[in-house]
Amino acid sequence: MKSDLRSYLKEIIGGSISLLTGMWITLRQSFRKPVTVSYPYRTLKLPERFRGHIELKADEQGWAKCVVCMACQKACPSFCIKVNGYKPAGMPRKVATIYILDFTTCSLCGLCVESCRFDALMFSREYNLASFRKEDYVMDMLERLRRRRICRP
Amino acid sequence: MSIDDQSIHAETFILNLGPQHPATHGVLRIKLTMDGEYIVDAEPVIGYGHRMHEKMGENRSYAKFLPNASRMDYVGALLNTHCHVAAVERLAGITVPERAEFIRVITAELNRVSSHLLWMGAFLVDLGAFTPLLYTFDDREDILDLLESITGSRLTYCYYRFGGVCNDIDDDFIAGTRSFIERMRSRMPMYHSLVTENIIFRKRCEGIGGVPAETCRRYGATGPVLRGSGVCYDVRRNEPYSVYPLFDFSVPVYPEGDCMARYRVRMDEIVESLRIVEQALERIPAGPVMAEKVPLILKPARGECYFNVEAARGSFGMRIVSDGLDAPYRLKVRSPCFSNFSLFRECVRGTLLADALAFLGSLDLVIPEIDR
Ligand code: SF4
Ligand code: SF4
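### Some details on the overall build of chain A
Item 1. Within chain A, the regular secondary structure consists of 4 helices and 5 strands.
Item 2. Along chain A, from the amino end to the carboxyl end, the secondary structure elements read α-β-α-β-β-α-β-β-α.
Item 3. Over its C-alpha trace chain A gives a radius of gyration of 28 Å, far above what one expects of a compact globule, namely 15 Å for 153 residues.
Item 4. Taking the principal axes of its C-alpha atoms as reference, chain A extends roughly 100 × 35 × 30 Å.
Item 5. Counting across all 153 residues of chain A, residues that qualify as buried make up 35%.
Item 6. At a minimum sequence separation of 6, the contacts of chain A that also span at least 24 residues come to 69%.
Item 7. With the model as given, the accessible surface of chain A reaches about 10700 Å², and the carbon-plus-sulfur share is 60%.
Item 8. Separation of charge centres in chain A, based on 27 positive and 14 negative side chains, amounts to 5 Å.

### Topic: the confidence of the model for chain A
Item 1. On average, chain A scores 82 in pLDDT, and the residues at 70 or more come to 96%.
Item 2. Ranking the elements of chain A by mean pLDDT puts helix α4 (residues 141-147) of chain A last, at 78, and helix α3 (residues 111-115) of chain A first, at 87.

### A short note on the site of ligand 1
Item 1. Every residue close to ligand 1 is listed here: A:Cys66, A:Val67, A:Val68, A:Cys69, A:Met70, A:Ala71, A:Cys72, A:Tyr99, A:Cys116, A:Phe118, A:Ala120 and A:Leu121.
Item 2. Its residues assigned to classes, the shell around ligand 1 shows 12 nonpolar, no polar and no charged.

### A closer look at the side chain of B:Arg99
Residue and element names in this part refer to chain B.
Item 1. With respect to the helices and strands, the residue Arg 99 is situated in helix α5 (residues 98-126).
Item 2. A polar side-chain atom of Arg 99 sits 2.9 Å from the main-chain carbonyl oxygen of Pro 285.
Item 3. Ignoring anything within four residues of it in the chain, the contact list for Arg 99 reads Asp 168, Ile 169, Ile 284, Pro 285, Ala 286, Gly 287, Pro 288 and Val 289.

### A look at the packing of α5(B) against helix α7 (residues 171-196) of chain B
When two helices pack together, their arrangement is given by the angle between their axes and by how far apart the axes lie.
Residues and elements named next belong to chain B.
Item 1. Remark: α5 packs on α7, axes separated minimally by 13 Å, with the N-to-C direction vectors making an angle of 30°. Here α5 is positioned roughly parallel relative to α7, judged by the angle of their axes. For the crossing formed where α5 meets α7, the hand is left-handed. Residue-level contacts link Ile 106, Thr 107, Leu 110, Val 113, Leu 117, Met 120 and Leu 124 of α5 to Phe 173, Thr 177, Phe 180, Met 184, Tyr 191 and Val 195 of α7.
Item 2. Residues of the contact of α5 with α7, tallied by class, amount to 11 nonpolar, 2 polar and no charged.

### Quick word on the state of the cysteines
Residues and elements named next belong to chain B.
Item 1. As enumerated under the stated definition, the model contains 0 disulfides over all chains in all.
Item 2. Not engaged in a disulfide, the cysteine Cys 232 finds its nearest cysteine sulfur in Cys 216; these two sulfurs lie 14 Å apart.
Item 3. Using a relative accessible area of 47% as the deciding quantity, one classes Cys 232 as partly exposed.

### Quick notes on the sheet that holds strand β9 (residues 314-322) of chain B
Residues and elements named next belong to chain B.
Item 1. Taken in spatial order, the 3 strands line up as β8-β9-β10 in an open sheet, and their pairing is antiparallel. Edge positions in the open sheet fall to β8 (303-311) and β10 (330-334), since each of these has one partner strand only. Between one strand axis and the next, the sheet turns through 10° on average, direction left out of account.
Item 2. By the bridge criterion, 5 bridges tie β9 to β10 in an arrangement that is antiparallel. Counted as the bridge partner of Met 318 is Val 333 from β10.

### A look at the confidence of the model for chain B
Item 1. Confidence in the prediction for chain B averages 86 pLDDT; 97% of positions are at 70 or higher.
Item 2. Under the prediction, the complex receives an ipTM of 0.80, its pTM being 0.87.

### Section: the pattern of salt bridges
Side chains bearing opposite charge may pair, as long as their charged atoms lie close to each other.
Item 1. Scanning the entire structure with this criterion turns up 39 salt bridges over all chains.
Item 2. Salt-bridge contacts for A:Lys57 lead to A:Asp119; the nearest nitrogen and oxygen are separated by 2.7 Å. One end of the pair, A:Lys57, is in the loop between β1 (54-56) and α2 (71-75); the other, A:Asp119, is in the loop between α3 and β4 (121-123), with 62 residues separating them in the sequence.
Item 3. For A:Asp119, a relative accessible area of 39% puts it in the partly exposed group.
Item 4. With its nearest N and O atoms 3.2 Å apart, the salt bridge here joins B:Glu310 to B:Arg227. You can see B:Glu310 sitting in strand β8 and its partner B:Arg227 sitting in helix α10 (residues 224-227), a full 83 residues away along the chain. For the residue pair B:Glu310 and B:Arg227, the accessibility class agrees, reading buried in each case.
Item 5. Three or more residues joined by partner-sharing salt bridges are found here, namely B:Glu109, B:Arg112, B:Arg227, B:Asp234, B:Arg236, B:Glu269 and B:Glu310.

Definitions and cut-offs
- Residues numbered from 1 in each chain as written.
- Chains lettered and ligands numbered in written order.
- Predicted model: local features only at pLDDT ≥ 70, side-chain atom pairs only at ≥ 80, totals over all residues.
- Heavy atoms only, no water.
- Helix = DSSP H or I, 4+ residues; strand = E, 2+ residues; numbered from the N terminus.
- Rg over C-alpha atoms; globule rule 2.2 N^0.38 Å.
- Buried < 20%, exposed > 50% of the residue type's maximum accessible area, 1.4 Å probe, protein only.
- Contact = heavy atoms within 4.5 Å.
- Areas by Shrake-Rupley, 256 points an atom, 1.4 Å probe, with all protein chains shown as cover.
- Lys, Arg positive; Asp, Glu negative; His and termini not counted.
- Charge placed at Lys NZ, Arg CZ, Asp CG, Glu CD.
- pLDDT = per-residue confidence, 0-100.
- Near = heavy atom within 4 Å.
- Nonpolar A, V, L, I, M, F, W, Y, C, P; charged D, E, K, R; others polar.
- Polar contact = N/O pair within 3.5 Å; in protein donor to acceptor, adjacent residues only side chain to side chain.
- Axes fitted to C-alpha atoms, helices over the stretch in contact; angles between N-to-C directions.
- Parallel < 35°, antiparallel > 145°, perpendicular 65-115°, else oblique.
- Left-handed = near helix turned anticlockwise from the far one by under 90°.
- Disulfide = S-S within 2.5 Å.
- Pairing = 2+ DSSP bridges.
- Salt bridge = Lys/Arg side-chain N within 4 Å of Asp/Glu carboxyl O.

Below is the structure:
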């Protein structure tokens, strides 16, 4: 009987101490600097290897480096790349006329970028991509390149 | 049927837990037959998140399945992809450079720590404690930042390739991981006094959700569930793969079989994983991270192989059968959550509803991995 009472009291006291310890830890935390940043006023630096959607690279003359070898289209597990092009007279290589990325099904696996032997693809660093319309995610990569004003019209 | 039986039956009622319920951590429905607050029967209804991953594996080339593996158990994605690439490498006879194996072990163990931290936060939310979630997510954030800096993504990594990994790790990553290990170690006492010692937590976990070792055996439960029932089985130790035999780590085992034992196993595993990462960083050799001459389109010879790894939730295995073409003839996944969850129905009979939720949480289920 007595030992029952003793263990009961011990539990109450030990339990209360454990609760107070927890509260003390929480209280101390309240005076620390917050670990979050208030997005969108402040943003974090993206790491070097951040994988956004893919993007075409341009050569010095402003042409897309892509030679339409189709390797990326074949490597993509989600069939989200459509490439086509032709070989203009006087050019040593083919140039892309269509490069469409369907970002709705892209899994950001990076297989396309790795499969490109001509260093024509890279990951963009864009992550603010919210939209209500599905069509906004079917992206014309050549158009984007043109808008970056480095591609010839 | 006697009158007594009838009156008992008249008093039971069906309670739907899920498919959308915060405690099921995904789309899982449990049809509970209740007698007041006590559970008479619990019938799990799974399959809401079925995405045919196995079938998808069979109609695409080996490399195209790489992103899929990380989408089954997205909380411990690197561990799944490790299983996939290792299975294919065994099938195709590819040898992986040692540095790549070290990188795989480092990243996979970091992923295990992040998975356990996420589990801990979510489990405590199930029990009604919200604060620890914020602490665990703070620590987990560090791991995600580290992994993002080398893999490029934060959750569903696609980093391992057949024959190695796609990017080498850099000095920043090594320094960052070292400082994370320090930080995590210093946080453990805080977790123990905040959570483990907490009287409410202990009352809700000790002696609750008991799973005997025999039941685990019958259902094939693995991972922390099995080790929390006193069986010392860890794939990393019992069927060593990769470079795990080189490291000195212990396998935490607790014999009680209750929620508390499973909690303690995971907490100890965090410490052990940190030890492995530390040793791996110490001993990582220089060299290439990708095997040479891995064909672009893999066509393994006819044959089959099974490979399993110790994922965060138990033994995750893949059987791949090749008929010599560029896509597997059959790809079968053995997911630990499915087996771990199977014993729920038997063990939960006769317990209180609130205890059943604690039990469910302590199993650490990732529903998309059950459904695949
Ligand atoms: S792999 Fe590179 S060069 Fe070939 S089509 Fe794709 S982007 Fe163009
Ligand atoms: S990242 Fe993967 S899914 Fe996305 S376009 Fe490239 S290959 Fe396709």
